[in-house]
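As a plain string of letters, each chain reads:
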Amino acid sequence: MMNKNIFKTVKLKKGEMNIYDFGRVKLHAYKTNDFIDDEVFVVEKNGKAVIIESPCFFDNNKELSEYLNDLEVEGMLISYHGAGATFLPDIPKYATQNAADFSSNSGRKTLIDNFTDTFGEIFDRSIHKITNFIEEGKITIGDIDFIIKQTNDAFDIEIPEINTVYTHMLGHDCHSIVAGSEHADTIITQLKDYIAKGYDLILTSHYTPENLKDAETKISYLENLKMIADSCTNAEEFKNEVQKQYPNYNGGNYLDMTAGFFFP
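### With respect to the state of the cysteines
Working step 1: Overall, the coordinates contain 0 disulfides when judged by the stated rule.
Working step 2: The thiol sulfur of C174 is not disulfide-bonded, and the nearest other cysteine sulfur, from C56, lies at 17 Å.
Working step 3: By relative accessible area, which is 10% here, C174 ends up buried.

Next comes the structure, spelled out in structure tokens:
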């Protein structure tokens, strides 16, 4: 079983790469240290690499491109983070149709526009052009099997050879976007499924690799979040109570969004 805390770290100019060695396969977890805590993952086997998600700040694009110089990049899976298209523009880009739509629809476009307004010219707002549309089920890229599971917005990814799964957000000790009680239940069901399947690592777009204990912690948080919402009458009261019970959690902007979903 892979321990989430056992890895080799390579310090880069801005970010850092944490490398998990599974034997025939290596997982390179790129901590971008950007303004929105992005994580990008590179799965390596036989000198070939497949990238999961894309960085979206120009300096990270350059840094990760240079890091990958000695690997043959076979493709990139673009799920929840469609921006950053100047990063490796000529390699194949894989996505489901709903993920491609998610990256270019009005809601996601508004978010990208907001990031552009906030961060200015350092943010790469361009959207990756999908070259290979994929369906739910198994796909093999660069000698590595991936199991695609479509979600409402995009898709999650199972990597059977390293007993690992990728989804958009977890973060066991920080706030995340929860779009109401029904969405909380959906996430709880998903995390319980991960626990039942016994994954070694859970990869997400905004946090370092986590494990099943972290999934249990998040389930408790989500169940309590629903209880807090039931005891409150407005978004501000809800937000204050959540902050009171979780004073050390970061991700206050996500809590703001969650409060808005529970109390529109």
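### Describing the nonpolar core
Working step 1: Core analysis: the largest hydrophobic core is formed by 47 residues, its most contacted members being I51, L68, L77, F146 and I157.
Working step 2: For F146, the residues in contact, after removing those within four places along its chain, are V43, V50, L77, G137, K138, I139, I141, I157, E158 and I159.
Working step 3: Core analysis: the second largest hydrophobic core is formed by 27 residues, L170, L212, F238 and Y246 among them.

### Describing the pattern of salt bridges
Working step 1: Within the structure shown, the criterion is met by 10 salt bridges.
Working step 2: Between D214 and K4 there is a salt bridge, with its nearest N and O atoms 2.8 Å apart. With D214 in helix α5 (residues 212-231) and K4 in the segment before β1 (8-11), this pair connects stretches of sequence that are 210 residues apart.
Working step 3: D214 gets classed as buried once you look at its relative accessible area, which sits at 5%.
Working step 4: Residue D113 pairs with R125 through a salt bridge whose shortest N-O separation is 2.4 Å. Of the two residues, D113 sits in helix α3 (residues 106-119) while R125 sits in the loop between α3 and β8 (132-133), which places them 12 residues apart along the sequence.

### Re the sheet that holds strand β6 (residues 72-77)
Working step 1: Read from one edge of the open sheet, 8 strands run β1-β2-β3-β4-β5-β6-β7-β8, paired in mixed fashion. Because the sheet does not close on itself, it has two edges, and the strands there are β1 and β8.
Working step 2: Where strand β4 (residues 39-45) meets strand β5 (residues 48-52), 5 bridges bridge the pair, whose relative direction is antiparallel. Each bridged residue has a counterpart across the sheet, and for F41 the counterpart in β5 is I52.
Working step 3: Helix α1 (residues 58-67) contacts β2 (16-21), β3 (25-31) and β4 of the sheet and is inclined by roughly 160 degrees relative to β3.

### Details of the packing of α5 against helix α6 (residues 235-245)
Working step 1: Where α5 meets α6, the axes come as close as 9 Å, and the angle between the chain directions of the two elements is 140 degrees. With respect to each other, α5 and α6 are oriented oblique. In this structure, α5 meets α6 at a crossing whose hand is right-handed. Touching N224, L225, I228, A229 and S231 of α5 are E237, F238, E241, V242 and Q245, all from α6.

### Overview of the sheet that holds strand β14 (residues 207-210)
Working step 1: Spatially, β9-β10-β11-β12-β13-β14 is the arrangement adopted by the 6 strands of the open sheet, whose pairing is mixed. Each of the sheet's edge strands pairs with one partner strand only, and the pair in question is β9 (137-141) and β14. For this sheet, the mean inter-axis angle between neighbouring strands, taken without regard to orientation, is 25 degrees.

### Brief notes about the packing of α6 against helix α7 (residues 252-262)
Working step 1: Following both chains from N to C, one finds α6 and α7 inclined at 135 degrees, their axes separated by 9 Å at the closest point. With respect to α7, the element α6 is oriented oblique. Considering how the two elements wind past one another, α6 and α7 form a crossing that is right-handed. Across the interface between the two elements, A235, F238, K239, V242 and Q243 of α6 pack against L255, D256, T258, A259 and F262 of α7.
Working step 2: Of the residues that constitute the contact of α6 with α7, the class distribution is 6 nonpolar, 2 polar and 2 charged.

### Observations regarding the packing of aromatic side chains
To describe a pair of aromatic rings, you give the distance between the ring centres and the angle between the ring planes.
Working step 1: Within this structure, the stated rule accounts for 17 aromatic pairs.
Working step 2: With a centroid separation of 5.2 Å and 15 degrees between ring planes, the pair formed by F35 and F119 is classed as stacked. Remark: F119 occurs in helix α3 and F35 occurs in the loop between β3 and β4; sequence separation between them is 84 residues.
Working step 3: Judged by relative accessible area, F119 falls into the buried class, the value being 18%.
Working step 4: Centroid distance F57 to F123: 5.4 Å. Interplanar angle 75 degrees. Geometry classified as edge-to-face. With F57 in the loop between β5 and α1 and F123 in the loop between α3 and β8, the pair connects residues that are 66 residues apart, well separated along the chain. You'll find F57 and F123 in the same group, each marked buried.
Working step 5: Through a chain of ring-to-ring contacts, three or more aromatic side chains come together here, namely F35, F57, F115, F119 and F123.

What counts and what doesn't
Residues numbered from 1 in each chain as written. Predicted model: local features only at pLDDT ≥ 70, side-chain atom pairs only at ≥ 80, totals over all residues. Heavy atoms only, no water. Disulfide = S-S within 2.5 Å. Buried < 20%, exposed > 50% of the residue type's maximum accessible area, 1.4 Å probe, protein only. Core = buried A, V, L, I, M, F, W, Y, C linked by side-chain atoms within 4.5 Å. Contact = heavy atoms within 4.5 Å. Salt bridge = Lys/Arg side-chain N within 4 Å of Asp/Glu carboxyl O. Helix = DSSP H or I, 4+ residues; strand = E, 2+ residues; numbered from the N terminus. Pairing = 2+ DSSP bridges. Axes fitted to C-alpha atoms, helices over the stretch in contact; angles between N-to-C directions. Parallel < 35°, antiparallel > 145°, perpendicular 65-115°, else oblique. Left-handed = near helix turned anticlockwise from the far one by under 90°. Nonpolar A, V, L, I, M, F, W, Y, C, P; charged D, E, K, R; others polar. Phe/Tyr/Trp six-rings, centres within 6.5 Å; stacked < 30°, edge-to-face > 60°.

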